[in-house]
Number of protein chains: 2
Amino acid sequence: MQQLRTASYTGLMGTLFLDESLAILARVPAALDALLRDLPEAWTEANEGPGTWSPREVIGHLIHLEKVDWMPRLDIILQYGPGRPFDPVDREAQLRERDGKPLAVMLDELSTLRGENLKRLRALNLGDEQLDLEGRHPALGVVTARQLLATWAAHDLAHLVQIGRVMAKRYRHETGPWAEYLTVMH
Amino acid sequence: MQQLRTASYTGLMGTLFLDESLAILARVPAALDALLRDLPEAWTEANEGPGTWSPREVIGHLIHLEKVDWMPRLDIILQYGPGRPFDPVDREAQLRERDGKPLAVMLDELSTLRGENLKRLRALNLGDEQLDLEGRHPALGVVTARQLLATWAAHDLAHLVQIGRVMAKRYRHETGPWAEYLTVMH
């Protein structure tokens, strides 16, 4: 009985974790769409200086990882476990793929890819046992499926933060004396 | 002729500045709505520790400033100039106004107030001469209408950054070894 209770409790936690992560993963692309679609290029092409990314390049990065990172790595965990390390991911692929696609098309692409990936993730109906399965990151070592999904969601938020920061900094001079109050500028 | 060219150029700059600022001001509340509406409270009530704000409290702050800060201060600049200092703004009013309003209602309120304010701002049809008008900030001293509007837009982005950061940090532990790669966590 104790055994059953524990299993049930752990199962609920897994469901909660998945629901909470899916809630972020479903919303961030929509938030980025609401923020960036049809925004003047002065904002979407701005960056923080040499070697830093513009909002457009961040969207390219999110699209690339939607194809090669999150779900492919989950598949490797579920099928092979830690015996087969993940393929390394190119975090700068979007910088070489400057194919001149309009940002609106890129936002559509992100939304479509994310929708497909979340549909597949939901269909897997992962329980705690599967969330605890391990994989091997080529640099970080052993990680779990749960950590991978948490990172997918946190990575979305991290890049939302980056995009907001890049755009805010564009107005550092324009805000005049107020820049002192805006810690994002510093 | 030189005079005319200069005037025309400066006018265009003012229009561009206004268009670019309005583009941000119109989109950030929609982006926050897309991010936060119906999100589990575990996300919207999270904060970064004692004395820090949750996403819900940030939305309360944005609502409060929509009523007492940006347009009222612009009105003071346009009507009185630097002779009449702005009224000080309470940046923590939202922390005392815990009236238990659902976040969805607060998001609606922000959207409505912002829509009304931007409608009025557009109707003012400010040119460069008006954008250069001065006002007096109670602590920062002389500021211009242009700096006020730039700060309104940058302030939106700064709080979008804050909300993304607060929520990302909630998953610091959950991301396991990956937290090392996510600078937003540190």
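Rules behind the numbers
Residues numbered from 1 in each chain as written. Chains lettered and ligands numbered in written order. Predicted model: local features only at pLDDT ≥ 70, side-chain atom pairs only at ≥ 80, totals over all residues. Heavy atoms only, no water. Helix = DSSP H or I, 4+ residues; strand = E, 2+ residues; numbered from the N terminus. Contact = heavy atoms within 4.5 Å. Areas by Shrake-Rupley, 256 points an atom, 1.4 Å probe, with all protein chains shown as cover. Lys, Arg positive; Asp, Glu negative; His and termini not counted. Charge placed at Lys NZ, Arg CZ, Asp CG, Glu CD. Phe/Tyr/Trp six-rings, centres within 6.5 Å; stacked < 30°, edge-to-face > 60°. Lys NZ or Arg CZ within 6 Å of the ring centre and 35° of its normal. Least-squares fit on C-alpha atoms with pLDDT ≥ 70 in both. pLDDT = per-residue confidence, 0-100. Axes fitted to C-alpha atoms, helices over the stretch in contact; angles between N-to-C directions. Parallel < 35°, antiparallel > 145°, perpendicular 65-115°, else oblique. Left-handed = near helix turned anticlockwise from the far one by under 90°. Nonpolar A, V, L, I, M, F, W, Y, C, P; charged D, E, K, R; others polar. Expected span 1.5 Å × (residues − 1). Buried < 20%, exposed > 50% of the residue type's maximum accessible area, 1.4 Å probe, protein only.

**Q** How would you explain the overall build of chain A if you had to name every residue and give the values?
**A** Helices and strands together make up the secondary structure of chain A, namely eight helices and two strands. For chain A, the succession of helices and strands along the chain, N to C, is α-α-α-α-α-α-α-β-β-α. Taken over the C-alpha atoms alone, chain A extends approximately 65 × 35 × 30 Å along its principal axes. Contacts in chain A between residues far apart in sequence, at least 24 positions, make up 72% of those at least 6 positions apart. In the form shown here, chain A has an accessible surface area of approximately 8700 Å², with 53% of it arising from carbon and sulfur atoms. The centroid of the 21 positive side-chain charges in chain A is displaced by 1 Å from the centroid of its 26 negative side-chain charges.

**Q** Could you give me a rundown of the packing of aromatic side chains, with the residues and numbers involved?
**A** Within the structure shown, the criterion is met by six aromatic pairs over all chains. Among the aromatic residues, ring-to-ring pairing joins Phe 17 of chain A together with Trp 43 and Tyr 171 of chain B into one connected group. Against the face of Tyr 80 of chain A rests Arg 84 of chain A, its NZ or CZ located 5.1 Å from the ring centre. Positioned over the ring face of Trp 43 of chain B is Arg 170 of chain B, at 4.4 Å from the centre of the ring.

**Q** Residue-level account of the relation of the copies chain B and chain A, with values.
**A** Turning one copy of the chain about an axis and sliding it along that axis gives the other copy, so a rotation and a shift relate them. Once turned by 180° and shifted 0.0 Å along the axis, chain B lies on chain A with an RMSD of 0.0 Å. Here the symmetry operator amounts to a two-fold rotation axis. When you check the interface residues of chain B against chain A, 100% turn up at the interface there too, and the contact is symmetric in its surfaces.

**Q** A description of the confidence of the model for chain A should follow, citing residues and the corresponding values.
**A** Residues and elements named next belong to chain A. Summary statistics for chain A give a mean pLDDT of 92 and a share of 92% for residues scoring 70 or more. Note on residues 1-11: pLDDT is under 50 here. Beyond four places in sequence and across chains, it has two contacts. In the predicted assembly, ipTM is 0.93 and pTM is 0.93.

**Q** Requested: an account of the packing of helix α3 (residues 55-68) of chain A against helix α6 (residues 103-124) of chain A, with residues and values cited.
**A** Residues and elements named next belong to chain A. Relative orientation of the contacting elements α3 and α6 amounts to 30°, with a least axis distance of 9 Å. What the angle tells us is that α3 and α6 run roughly parallel. For the pair α3 and α6, the sense of crossing is left-handed. Listed contacts from α6 to Arg 56, Ile 59, Gly 60, Leu 62, Ile 63, Glu 66 and Lys 67 of α3 are Leu 103, Met 106, Leu 107, Glu 109, Leu 110, Leu 113, Arg 114 and Asn 117. Of the residues that constitute the contact of α3 with α6, the class distribution is eight nonpolar, two polar and five charged.

**Q** Before we move on, could you go through helix α8 (residues 145-169) of chain B and cite the residues and values that matter?
**A** Owing to its 3.6 residues per turn, the α-helix brings residues three or four apart onto one side. With 25 residues, α8 of chain B ought to run about 36 Å at 1.5 Å a step, and its terminal C-alpha atoms sit 36 Å apart, in line with that. The buried fraction of α8 of chain B is high, at 22 of 25 residues.

**Q** Tell me what's going on with the packing of α3 of chain A against helix α8 (residues 145-169) of chain A, and back it up with residues and numbers.
**A** Residue and element names in this part refer to chain A. Orientation of α3 relative to α8, taken along the N-to-C sense of each, is 170°, at an axis distance of 9 Å. With respect to each other, α3 and α8 are oriented roughly antiparallel. Seen along the crossing, α3 lies across α8 with a hand that is right-handed. Side by side, α3 and α8 meet where Pro 55, Val 58, Ile 59, His 61, Leu 62, Leu 65 and Glu 66 of the first sit next to Trp 152, His 155, Asp 156, His 159, Gln 162, Ile 163, Val 166 and Met 167 of the second. Residue composition of the contact of α3 with α8, grouped by class: nine nonpolar, four polar and two charged.

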